[in-house]
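Coordinate inspection notes
So you can see what is in the structure, the chains are spelled out below.
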Amino acid sequence: MRGVLVGVVGTVVVLGVAVAVAVPEAKEWYEGRHEQTSSYATGKAAKSERESVPRWLPDNAASVEYAMRTTGGERILKATLSDARLPASCELLDGKKKAPAPELSASWFPSAAVNGAQGRCGSYYVSLEDHTLYAWQTNDDWIEENRRHAQ
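Residues numbered from 1 in each chain as written. Predicted model: local features only at pLDDT ≥ 70, side-chain atom pairs only at ≥ 80, totals over all residues. Heavy atoms only, no water.

The name recorded for the protein chain in an unreviewed UniProt entry is Lipoprotein, from Kitasatospora albolonga.

Right, here's the structure in full:
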């Protein structure tokens with residue numbers, strides 16, 4: 001009888017440890033399975049290889065990093081610009097509008113970029129640090145942009 005009890009307790013402990021390890025791993029896989037990340041040498045290459053890369057990104061932008069969610073409009077982008085200016089089609093934020101936080105994350109995209117939001121390029125919020133452009137689009141902004149183009 002004691003051997004059976006030890007066996008049952010041992011099985012419960014092993015199963016508990018397995019669940020404690022497997023559940024967080026499964027959650028991470030589930031939440032990240034619809035995310036794609038790509039790197040491109042130039043803005044031109046990024047736009048030619050992936051239709052969802054914003055058209056306002058300069059062709060001569062270098063070291064482009066891009067991440068997107070395939071189930072919505074969440075996007076983040078990092079690129080090195082040849083000069084320390086936002087692309088010409090971008091508009092500066094009026095001091096009243098606060099940029100929302102990006103809905104994706106990546107090791108190359110600093111979470112503090114939202115605090116330095118300077119403008120909007122299409123449906124993207126943008127921040128420029130020296131020659132490095134950080135841009136992000138929320139799902140709500142993507143939906144609104146699609147509504148405007150559908151009308």
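On we go.
Overview of the overall build of the protein chain
Helix and strand counts for the protein chain come out as three helices and seven strands. Listed N to C, the secondary structure of the protein chain is α-β-α-β-β-β-β-β-β-α in terms of helices and strands. Residues classed as buried in the protein chain amount to 35% of the 151 residues present. Put simply, of all contacts in the protein chain between residues at least 6 apart along the chain, 53% involve residues at least 24 apart. Surface summary for the protein chain: the accessible area is close to 9,500 Å², and the carbon and sulfur share equals 55%. (Helix = DSSP H or I, 4+ residues; strand = E, 2+ residues; numbered from the N terminus. Buried < 20%, exposed > 50% of the residue type's maximum accessible area, 1.4 Å probe, protein only. Contact = heavy atoms within 4.5 Å. Areas by Shrake-Rupley, 256 points an atom, 1.4 Å probe, with all protein chains shown as cover.)

So, the sheet that holds strand β4 (residues 91–92)
On the basis of which strands lie adjacent, the open sheet formed by seven strands has the order β1-β2-β3-β7-β6-β5-β4 and antiparallel pairing. The open sheet has two edge strands with one neighbour each: β1 (35–42) and β4. (Pairing = 2+ DSSP bridges.)

What about helix α3 (residues 139–150)?
Given a rise of 1.5 Å per residue, 12 residues ought to cover 16 Å, and the 16 Å separating the end C-alpha atoms of α3 matches this to within 8%. Inspection of α3 places N139, D141 and E145 among the buried residues, and these make up the whole buried set. Mapping the buried residues of α3 onto a view down its axis gives an arc of 160°, with all of them on the same face. For α3, exposure combined with an orientation more than 90 degrees from the buried face picks out D140, R147 and A150. On its buried face, α3 is in contact with β5 (119–121), β6 (124–129) and β7 (132–137). (Expected span 1.5 Å × (residues − 1). Arc of directions from axis to C-beta.)

Here we look at the pattern of salt bridges
A full pass over the atoms with the stated rule returns eight salt bridges. In this structure, K47 and D59 form a salt bridge, with 2.6 Å as the shortest nitrogen-oxygen distance. Taken together, the residues span a long stretch of sequence, with K47 in helix α2 (residues 43–49) and D59 in the loop between α2 and β2 (62–69) at a distance of 12 residues. Among the residues examined, D59 registers a relative accessible area of 41% and is labelled partly exposed. (Salt bridge = Lys/Arg side-chain N within 4 Å of Asp/Glu carboxyl O.)

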